[in-house]
Structure formats: structure tokens, C-alpha cells
Amino acid sequence: MPVETLVDKAEFLAEALAARFEAEGRHAVAARARFTVAPPGGSVATSFFPPLARVPLDWSRTDFFWGDERAVPPDHPDSNYAVARSLWLAPAGVPDASVH
């Protein structure tokens, strides 16, 4: 999806992001054999993570690094990682070794 493409309705933004994420992921894997992601925390998770979980990428070539995590255990309800795990990582089948 070209950068210039505008999304005129909020409900299509998550799908547009997922399409762009897939394109960038495929490009990164083709160029460097790895795709590196730093997922955000907070309220974007509920809208954006489920469509990202449906992206058909080789998740074993994708590395996830947390830059926005709360000082709580990973299974705590306030943990950004816990939300990402339940809405994106687990449904997509991301290997534990890809999460840092």
C-alpha cells in the first residue's frame, strides 16, 4: 500500500495498517531475513492487534521487542505484553523465541 494512500474512515484504519505491516514485513524478510517490531501499548491494542494477528507472515522471522511496558508481571491485567499475547502473538502463532 503506497504511503500516499489515505484512509477516509476510522474503521478501515486497522485493516490498512495490517496490509502495510504485511508489505513491510515481507520486504524486510526478503532484504534481511528478519523483521523487527516494537509493538505499542495502551488502547491501540484492541483495535489494531486482531487484524495484525491475521497477517500471513513467517512469524519465526519476526522479532518483537517491548519498548512500552508497564512494571508489572507479564500475566498482569495491566501488562501491555499480556494484551499483545492474547490479541496478536498467540492467535498468530508467534513463537516464544521471537518475543524479547
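Per chain, residues are indexed from 1 in the order of the written sequence. Predicted model: local features are reported for residues with pLDDT of at least 70 only, side-chain atom pairs are reported and counted for 80 or more only, and whole-chain, interface and lining totals are derived from all residues. Computation of side-chain values: all heavy atoms of the structure, hydrogens and water removed.

I'd love a proper account of the overall build of the protein, names of residues and values included.
Helix and strand assignments follow DSSP, with helices taken as H or I runs no shorter than four residues and strands as E runs no shorter than two, numbered in order from the N terminus. The number of helices and strands found in the protein is 3 helices and 2 strands. Order of helices (α) and strands (β) in the protein, N terminus to C terminus: α-β-α-β-α. Reported as C-alpha extents along the three principal axes, the dimensions of the protein are approximately 40 × 35 × 20 Å. Scored against the burial criterion, the 100 residues of the protein give a buried share of 32%. The protein chains shown are the only cover counted for residues, whose accessible areas, like all others here, come from Shrake-Rupley with a 1.4 Å probe. Of the accessible surface of the protein, which amounts to about 6,000 Å², a share of 58% is contributed by carbon and sulfur atoms. Asp and Glu count as negative and Lys and Arg as positive, but His and the ends of the chain are not part of the count. The atom standing in for a charge is NZ when the residue is Lys, CZ when it is Arg, CG when it is Asp and CD when it is Glu. Across the protein, the 9 positively charged side chains and the 13 negatively charged ones have centroids separated by 5 Å. Partly exposed residues are those whose accessible area sits between 20% and 50% of the maximum for their type, while under 20% is buried and over 50% is exposed, using a 1.4 Å probe and protein chains only.

So, the nonpolar core: which residues are in play, and what are the values?
Among the buried residues, those of types Ala, Val, Leu, Ile, Met, Phe, Trp, Tyr and Cys that are joined through side-chain atoms within 4.5 Å form a nonpolar core. By size, the foremost hydrophobic cluster in this structure holds 20 residues, and its most contacted members are Phe21, Trp59, Phe64, Trp88 and Leu89. Of all the secondary-structure elements, those providing two or more residues to this core are helix H1 (13–32), strand S1 (35–37), helix H2 (44–53) and helix H3 (80–92). Contact definition: two residues touch when any of their heavy atoms are within 4.5 Å. Setting aside chain neighbours within four positions, we find Trp59 in contact with Phe21, Leu52, Phe64, Trp88, Ala92, Val94, Pro95 and Ser98.

Explain H1 to me, and be specific about the residues and the numbers.
Every helix has an expected span of 1.5 Å times one less than the residues it contains. Helix length check: H1 (20 residues) gives 28 Å between terminal C-alpha atoms against 28 Å at 1.5 Å per residue, within 8%. Along H1, the positions that sit buried rather than exposed are Ala14, Ala16, Ala18, Phe21, Gly25 and Ala28. Where H1 is buried, its residues contact S1, H2 and H3. In the segment just after H1, Ala33 is the residue with positive phi, at about 70°.

For the packing of H2 against H3, give the residues involved together with the corresponding values.
Axes are the key here: two packed helices are described by the angle between their axes and the distance separating the axes. Axis definition: a line fitted to C-alpha atoms, limited for helices to the stretch in contact. Angles are taken between N-to-C directions and run from 0 to 180 degrees. Where H2 contacts H3, the two axes come as close as 8 Å, and the packing angle between them is 10°. When the axes of H2 and H3 are compared, the pair comes out roughly parallel. Every residue of H3 that contacts H2 at Ala45, Thr46, Phe49, Pro50, Leu52 and Ala53 is listed here: Val83, Ala84, Leu87, Trp88, Pro91 and Ala92. Of the residues contributing to the contact of H2 with H3, the split by class is 11 nonpolar, 1 polar and no charged. Any angle that falls under 35 degrees is termed roughly parallel, while one over 145 is termed roughly antiparallel, one within 65 to 115 roughly perpendicular, and all others oblique. Polarity classes work like this: nonpolar for Ala, Val, Leu, Ile, Met, Phe, Trp, Tyr, Cys and Pro, charged for Asp, Glu, Lys and Arg, and polar for all others, with Gly in that last group.

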